[in-house]
There are 2 protein chains.
Amino acid sequence: MPDIVTAAMMVIGDEILSGRTKDRNIGHLADIMTAIGIDLKEVRIVPDEEDEIVAALNALRTRYTYVFTTGGIGPTHDDITADSVAKAFGVPCEYDAKAYKMLGDSYAQRGIEFTEARKRMARMPRGADHIDNPVSTAPGFRIGNVHVMAGVPSIFQAMLDNVVPTLKTGAKMLSAAVHCPVGEGTIGGPLAEIQKAHPDTIIGSYPKYGEGKFWTELVVRARTQEALEAARADVEAMVKRFATAG
Amino acid sequence: MPDIVTAAMMVIGDEILSGRTKDRNIGHLADIMTAIGIDLKEVRIVPDEEDEIVAALNALRTRYTYVFTTGGIGPTHDDITADSVAKAFGVPCEYDAKAYKMLGDSYAQRGIEFTEARKRMARMPRGADHIDNPVSTAPGFRIGNVHVMAGVPSIFQAMLDNVVPTLKTGAKMLSAAVHCPVGEGTIGGPLAEIQKAHPDTIIGSYPKYGEGKFWTELVVRARTQEALEAARADVEAMVKRFATAG
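Residue positions are given per chain, counted from 1 along the sequence in the order it is written. Here every chain gets a letter starting at A, and every ligand a number starting at 1, in the order they are written. Given that this is a predicted model, residues contribute local features only at a pLDDT of at least 70 and side-chain atom pairs are listed and counted only at 80 or more, while totals for whole chains, interfaces and linings are drawn from all residues. Hydrogens and water are ignored here; the side-chain numbers use all heavy atoms of the structure.

The name an unreviewed UniProt entry assigns to chain A is Competence/damage-inducible protein A, from the organism Ollibium composti.

Here's what the structure looks like:
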């Protein structure tokens, strides 16, 4: 069996929990993880509170191969991710010389004052590596298996592009979608039988509803092409049976 | 001080974690909670795995006033929310007589077979109350402080509309947004001072980036109008100072 690589995501920010900002990073990370063969197993959205961030991060980083965080690495007082991550790892949070110089140079070049607030963006847990930020200089960072990235979607996506090549990726999860024109209630029984007959696959059933009627998207997932095709054939045969019966 | 009422959300479903379906329920619940004065403090997205659902639910329901779940209450084998919630509460999961009759009547009326799969939707933890589903009959349910609802957004929203009037709502969190035309780096220092001077408020700073420049949305939150206005005045004065300086 190929290695299974798992991941969790922690979204940090009161603005997501209040509804003021609608998260657009979870879906993007999920898509990327699926594409490269890492199983995203859990997501937590936590407030801008140090104790909450520390507790959630320690729960996640000890359990999954990788953790990805978004949010809370800007220059304002409510950006407490670097301090919280340092605390979770039990190391000091301090100015990173390389980040400090890079930010200082960048602001000097643009004739902008390198304020105390801006200097905050050069702080990271001792021993962290940079995650480059091609959009606005201030880097994210990696410490242990935890990748700390920005919350602004365009910056998060650019940082993630830099992280992906560094990850140990698992065997890609293969998937095949089967459109089923009838609702879950019709196919639920036979589908459960098919799942039982193919224990090395994961068969998902996603109810869709629109214009007053239900239909179903069935998705077969497996780590080998053989397992995938065997289950897919059974699912397609079943759907055909019900579609023609209806 | 008015009561503080807290909530957590649990989104159940492999399809969200794989990226195949993009969640649209978190943002909606967050908006509604903020509007009625309940603090959404945490969200977890968990896979279709009983142990995971039970562990997350027990962590959340013992900690927050309310828990809201979405997903996994349909008729297929991967719909294991009712069983998992029953297990978390240590009660049997069984056919609910009222739901069974309601579903049976509805299918009979439409000339549709009441399959074993469809009957699954009448199962709920012993002692649960119904949450009406005006869209497609199959009810959600409430047990203790946990509200179990559908994952399909239109059904989730309709169920939530039925739940809201039953909730003990806290003092509404008041909020005021202040547009700040400069980036966080400029205002971070003074903003932290304002937050310190107004400990009974929560001042959030949300970086925005577009067309090559940063701006900032500042949001002051407080539980009384007095506290809100005092902090807002200070924030506005600061923004004006920087906006005219730039």
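Don't stop here, the text continues.
Draft legend 1. Spotlight on the packing of helix H2 (residues 25-36) of chain B against helix H7 (residues 153-163) of chain B. Residues and elements named next belong to chain B. Here an axis means a line fitted to C-alpha atoms, over the contact stretch when the element is a helix, while the angle between two N-to-C directions is reported on a 0 to 180 degree scale. Numbering goes from the N terminus for both helices and strands, where a helix is a DSSP run of H or I of at least four residues and a strand is a run of E of at least two. Between H2 and H7, the least distance of the axes is 10 Å, while the angle of their chain directions is 20 degrees. Judged by the angle between their axes, H2 and H7 are roughly parallel. For the pair H2 and H7, the sense of crossing is right-handed. Where H2 approaches H7, its residues Asn25, His28, Leu29 and Ile32 are matched on the opposing element by Pro153, Phe156, Gln157 and Leu160. Note that the term roughly parallel is reserved for angles under 35 degrees, roughly antiparallel for angles over 145, roughly perpendicular for angles of 65 to 115, and oblique for everything else. Working rule for handedness: look at the near helix, and if it is turned counterclockwise from the far one by less than a right angle, call the crossing left-handed; if clockwise, right-handed. In this analysis, two residues are considered to be in contact whenever any of their non-hydrogen atoms come within 4.5 Å of each other.

Draft legend 2. Fine view of the packing of aromatic side chains. Aromatic contacts are taken between Phe, Tyr and Trp rings whose centres are within 6.5 Å, Trp giving its six-membered ring; a plane angle under 30 degrees counts as stacked, one over 60 as edge-to-face, and the others as tilted. Counted under the stated rule, the structure contains ten aromatic pairs over all chains. Measuring from ring centre to ring centre gives 6.2 Å for Tyr66(A) and Phe68(A), while their planes differ by 45 degrees; the resulting arrangement is tilted. The buried label applies to any residue whose accessible area, calculated with a 1.4 Å probe on protein chains only, is under 20% of its type's maximum; exposed applies above 50%, and partly exposed to all values in between. Under the relative-accessibility criterion, Phe68(A) is labelled buried at 0%. Ring geometry for Tyr209(A) and Phe214(A): centres 4.6 Å apart, planes at 55 degrees, overall tilted. For Tyr209(A), a relative accessible area of 29% gives the class partly exposed. Three or more aromatic residues joined by ring pairs make a cluster, and in this case those are Tyr95(A), Tyr100(A), Tyr107(A) and Phe114(A). The criterion for a charge sitting over a ring is simple: Lys NZ or Arg CZ within 6 Å of the ring centre, and within 35 degrees of the ring normal. Against the face of Phe89(B) rests Arg61(B), its NZ or CZ located 3.9 Å from the ring centre.

Draft legend 3. The arrangement of the side chain of Ser205(B) in detail. Locating Ser205(B) in the fold gives a position in strand S10 (residues 201-210). You can call Ser205(B) buried: its relative accessible area is 4%. In protein, a polar contact means a hydrogen-donor-capable atom and an acceptor-capable atom, both N or O and within 3.5 Å, with residues adjacent in sequence counting only if both atoms are side-chain atoms; elsewhere, any N or O pair within 3.5 Å suffices. A distance of 2.6 Å separates the side chain of Ser205(B) from the side chain of Glu184(B), its partner in a polar contact. Contacts of Ser205(B), omitting those with residues within four sequence positions, involve Thr76(A), Asp78(A), Glu184(B), Leu191(B), Thr216(B), Glu217(B) and Leu218(B).

Draft legend 4. Quick peek at the interface of chain A and chain B. Taken together, the contact between chain A and chain B spans 61 residues of the former and 61 residues of the latter. Surface buried jointly by chain A and chain B totals about 4600 Å² across both partners, of which 53% is contributed by carbon and sulfur atoms. Accessible area, probed at 1.4 Å, shrinks when two parts are joined; the buried area is that loss added up over both. The largest contributions to the chain A side of the interface with chain B come from Leu17(A), Arg20(A) and His77(A), which together make up 14% of the buried area. The interface formed by chain A and chain B contains 24 residue pairs in polar contact (both at pLDDT 80 or more). Basically, the charged four are Asp, Glu, Lys and Arg, the nonpolar ten are Ala, Val, Leu, Ile, Met, Phe, Trp, Tyr, Cys and Pro, and anything else, Gly included, counts as polar. Split by residue class, the side of chain A that touches chain B holds 24 nonpolar, 19 polar and 18 charged.

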